[in-house]
Amino acid sequence: MIFGEVPVSEAVGARLAHGVRVEGLSLHKGHGMTQADCDGLLAAGVATVIAVRLEAGDLDEDAAAALVAGAISPDHLTFSPPTTGRINLHATANGLFVADRAAIDRFNRVDPAITIATLPDHASVAAGDMVATIKIIPLAVAGDLARKAAAVMASSRALEVKPFAPRRVALVATELPTLKPSVMDKTRRLLEQRLHPSGSRLTGEARVPHKAAGVAEAIRTAAADNDLVLVFGASAVTDGNDVIPAAIRAAGGVVEHVGMPVDPGNLLVLGRLGAVPVIGAPGCARSPKENGFDWILARILAGETPGPMEITGMGVGGLLAEIPSRPQPRDVRAAERPLCVAALVLAAGRASRMNGSHKLLAAFDGKALVRRSTEAALAARPARVLVVTGHRAEEVEAELSGLKVDLVRNPDHAQGMSTSLRAGVAALGPGCDGVAVMLADMPHVTGEDVRRLLDAFAAAGGHAVVRAVSGGKRGNPVVLPRTTFAAMLQLEGDVGARHIVESTGLDVIDVEIGAAAHIDVDTPEAVLAAGGVLKG
């Protein structure tokens, strides 16, 4: 392939490397130039274009992508038509995406022009999910290179989707006085949800005392009529001779492995009674959050037989998101010290709907609204209170005189709320575990309301999002953990943190504070309706 600047008078048959747009003519990248195209460009005064010419043996980008895709086994995969050198691969069944890392690496090292990107090895997928994408980077590649890359795919099962198969699954749950029946009921419901994508069904549940002999008998009974036995212990496994592994042996089975380098999920037990796998689930499997139990369950449902070699190879990538409800979080030092949580009062807005008045200067019970809101933040006793100002900053800051707060000026306040969030979060410092984001124009939020949010945040170990609600409907304020700070620093435009709350994957705890969660004052009418007096 020859790449470079080509005189338009000689460009017939060449492919554009860069699109060209002139009056009456729009030619996109990759377009094959015709005589009419050249005449049109010359008439418009365009003398040269950046283009490529294919040499003998070259394949254009779509042909090369199709050649590679044709070498991949199509079992449980669909392939999109080639477009701009790209073909996407999608799963046709719920299952486990499996990639041969060595084969994928060999493929991507044939030539930088020929690439494939995939999901992580052994990722669970649903029918329709994209699992890989082939991309030919230039407009054409040498046919020999494309064929060499295709040969890598043809010589091994470089990637595949192993469909889940339905299994009959039995649940054995052990009981202790400290474990509430409602928790056991919830565990069963979550387990049924985990089994649903595979079409597997829970055939029954046996609840027995947390003693090896009773658990062993329940395992024997369950294994006789099922394809998989899952044991949820009322107490965590702490040793290879603890109740659940001892029960598997007493039932006549074999304990293949105790523990796994996946967190959450360390305390898993894998055994077998004849041909029936027996999994001793870690306590974190009572949560819907991803954990090591999900990894082992998915492999078994996809027909694999994981053992010690597979489990001990899960450490890289095995550090999963923390589960806030775990009795023993991984960061013990953080759990032992008091959380450092700040309050961030956003008071920089332009008040564009106030017809010249400033809502934050309106008086409520004789106090400017911004002072009222800031005093509510202080009354909640956070580690510190920051107030972000912008529009009419001097007047707003004057109303805060004498209050023990840190003022943060936002020179970009006219660009929207995101700039105030970014300014405030940037000023928090490295030791802050969370922040209560408050809107200064909410006159009825009290210090007691904010304190309840902070208490709920502390009870969750500082790992959850806590938001105020009214009648179950989301509102403000909201407390965000440190793990969301990076996302807030990337916000742009007139948006708040709602998208972060909804997409973070963290537990969201709702705290009912009544109508105050929804009452803000954006117009003169709203100020008056809320009991305020406009001042200018």
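Look a little higher up for the structure.
These numbers come from a predicted model, not from an experiment.

Reading the values: the criteria
Residues numbered from 1 in each chain as written. Predicted model: local features only at pLDDT ≥ 70, side-chain atom pairs only at ≥ 80, totals over all residues. Heavy atoms only, no water. Helix = DSSP H or I, 4+ residues; strand = E, 2+ residues; numbered from the N terminus. Rg over C-alpha atoms; globule rule 2.2 N^0.38 Å. Buried < 20%, exposed > 50% of the residue type's maximum accessible area, 1.4 Å probe, protein only. Contact = heavy atoms within 4.5 Å. Areas by Shrake-Rupley, 256 points an atom, 1.4 Å probe, with all protein chains shown as cover. Lys, Arg positive; Asp, Glu negative; His and termini not counted. Charge placed at Lys NZ, Arg CZ, Asp CG, Glu CD. Pairing = 2+ DSSP bridges. Axes fitted to C-alpha atoms, helices over the stretch in contact; angles between N-to-C directions. Phe/Tyr/Trp six-rings, centres within 6.5 Å; stacked < 30°, edge-to-face > 60°. Polar contact = N/O pair within 3.5 Å; in protein donor to acceptor, adjacent residues only side chain to side chain. Parallel < 35°, antiparallel > 145°, perpendicular 65-115°, else oblique. Left-handed = near helix turned anticlockwise from the far one by under 90°. Nonpolar A, V, L, I, M, F, W, Y, C, P; charged D, E, K, R; others polar. Salt bridge = Lys/Arg side-chain N within 4 Å of Asp/Glu carboxyl O.

Peer 1: Would you take a moment to explain the overall build of the protein for this structure?
Peer 2: In terms of helices and strands, the protein carries 17 helices and 29 strands. What you see for the protein is a C-alpha radius of gyration of 31 Å, clearly larger than the 24 Å of a compact globule of 536 residues, by over 25%. Taking the principal axes of its C-alpha atoms as reference, the protein extends roughly 90 × 85 × 35 Å. Buried positions account for 49% of the 536 residues belonging to the protein. In the protein, of all internal contacts separated by at least 6 residues, the share reaching a separation of at least 24 is 70%. Roughly 24600 Å² of accessible area belongs to the protein as shown, and the carbon and sulfur atoms make up 53% of that amount. Averaging the locations of the 53 positively and 58 negatively charged side chains of the protein gives two centres separated by 5 Å.

Peer 1: Even after reading the chapter, I still don't get the pairing of strand β12 (residues 130–136), so can you show me in this structure?
Peer 2: In summary, the side chains of a regular strand alternate between the two faces of the sheet. Buried residues dominate β12, accounting for five of its seven residues. Relative to β12, strand β8 (residues 86–91) runs antiparallel, the two sharing five bridges. Residue pairing in the sheet places N88 in a bridge with T133 of β12. Sheet analysis places strand β10 (residues 114–118) next to β12, joined by five bridges and oriented antiparallel.

Peer 1: What's the story with the sheet that holds strand β18 (residues 254–258) in this structure? I'm lost.
Peer 2: Sheets are built from strands that pair by backbone hydrogen bonding, the pairs being arranged parallel or antiparallel. A sheet is described by the order of its strands in space; here six strands give the open sequence β16-β15-β17-β20-β19-β18, paired in mixed fashion. Because the sheet does not close on itself, it has two edges, and the strands there are β16 (201–209) and β18. Neighbour to neighbour, the strand axes of the sheet diverge by 20° on average, direction disregarded. Of the pairings in the sheet, the one linking strand β15 (residues 168–175) to strand β17 (residues 228–232) comprises five bridges and is parallel in character. Across the sheet, residue V172 finds its bridge partner in β17, namely V231. Relative to strand β20 (residues 276–281), helix α8 (residues 292–301) is tilted by about 170°, and along the sheet it contacts β17, β19 (269–273) and β20.

Peer 1: Just to check I follow, could you spell out the packing of aromatic side chains for this structure?
Peer 2: Ring pairs (aromatic) are described by centroid distance and by the angle formed between their planes. What the rule picks out here adds up to one aromatic pair. Aromatic pair F232 and F293: ring centres 5.8 Å apart, planes at 70°, arrangement edge-to-face. Residue F232 is found in strand β17, and its partner F293 is found in helix α8; the two are separated by 61 residues along the sequence. Here F232 and F293 have matching classes, each one buried.

Peer 1: Help me understand the side chain of K359, please; the structure alone is not making it clear to me.
Peer 2: Relative to the assigned elements, K359 resides in the loop between β21 (341–347) and β22 (363–364). Judged by relative accessible area, which is 12%, K359 ranks as buried. Reaching out from K359, the side chain makes a polar contact with the side chain of D522 at a distance of 2.7 Å.

Peer 1: Looking at this structure, how should I read the environment of S198?
Peer 2: Secondary-structure assignment places S198 in the loop between α5 (181–195) and β16. Taking C-alpha positions, S198 is 5.7 Å from A165, a pair spaced 33 residues apart along the chain. Setting aside residues no more than four positions away along its own chain, S198 makes contact with F164, A165, P166 and L301.

Peer 1: In this structure, what is going on with the packing of α5 against α8? I would like to understand it.
Peer 2: Two quantities define a packed helix pair, namely the angle between the axes and the distance from one axis to the other. Between α5 and α8, the least distance of the axes is 11 Å, while the angle of their chain directions is 45°. In terms of orientation, α5 lies oblique with respect to α8. Handedness of the α5/α8 crossing: right-handed. Where α5 abuts α8, its residues L191, R194 and L195 lie against F293, D294, L297 and L301. By residue class, the composition of the contact of α5 with α8 is five nonpolar, no polar and two charged.

Peer 1: How do you make sense of helix α13 (residues 417–426) when you look at a structure like this?
Peer 2: Structural remark: α-helix, 3.6 residues per turn; residues separated by three or four positions point the same way. The element α13 is extensively covered by neighbouring structure, given that seven of its 10 residues are classed as buried. What α13 keeps buried is the set S418, T419, S420, L421, A423, G424 and V425.

Peer 1: Help me understand unusual backbone geometry in this model?
Peer 2: Note that the residue after D263, namely P264, is joined by a cis bond; omega there is 0°. With omega at 5°, the peptide bond leading from N476 into P477 counts as cis. Its place among the elements puts P477 in strand β28 (residues 473–481). Although it is not a glycine, H122 sits at a positive phi angle of roughly 60°. Backbone geometry at R381 places phi at a positive 60°, although glycine is not the residue there. Structurally, the position occupied by R381 is in the loop between α11 (369–379) and β24 (384–389).

Peer 1: Just to check I follow, could you spell out the environment of T34 for this structure?
Peer 2: Residue placement: T34 occurs in the loop between β4 (25–27) and α1 (35–43). Owing to a relative accessible area of 36%, T34 belongs among the partly exposed residues under this scheme. Sequence separation of T34 and N108 is 74 residues, and the distance between their C-alpha atoms is 34 Å.

Peer 1: What is the right way to read the side chain of E397 from this model?
Peer 2: By the secondary structure assignment, E397 is in helix α12 (residues 393–398). Reaching out from E397, the side chain makes a polar contact with the side chain of R409 at a distance of 2.5 Å. In contact with E397, not counting residues within four places along its chain, are T389, L407 and R409.

Peer 1: What is the right way to read the pattern of salt bridges from this model?
Peer 2: Oppositely charged side chains can form a pair if their charged atoms are brought close together. One pass over the structure, following the stated rule, counts 28 salt bridges. R299 serves as the salt-bridge partner of E304, at 3.9 Å between the closest nitrogen and oxygen. Comparing E304 with R299 shows no difference in burial state: the two are buried. Residue D441 is joined to K359 by a salt bridge in which the shortest nitrogen-to-oxygen separation is 2.8 Å.

Peer 1: Is there a simple way to explain the packing of helix α3 (residues 101–108) against helix α4 (residues 143–154) in this structure?
Peer 2: At a minimum axis distance of 9 Å, the contact between α3 and α4 shows a crossing angle of 175°. When the axes of α3 and α4 are compared, the pair comes out roughly antiparallel. Residues A103, I104, R106 and F107 of α3 lie in contact with α4, whose contacting residues are A149, V152 and M153. Looking at the contact of α3 with α4 residue by residue, the class counts come to six nonpolar, no polar and one charged.

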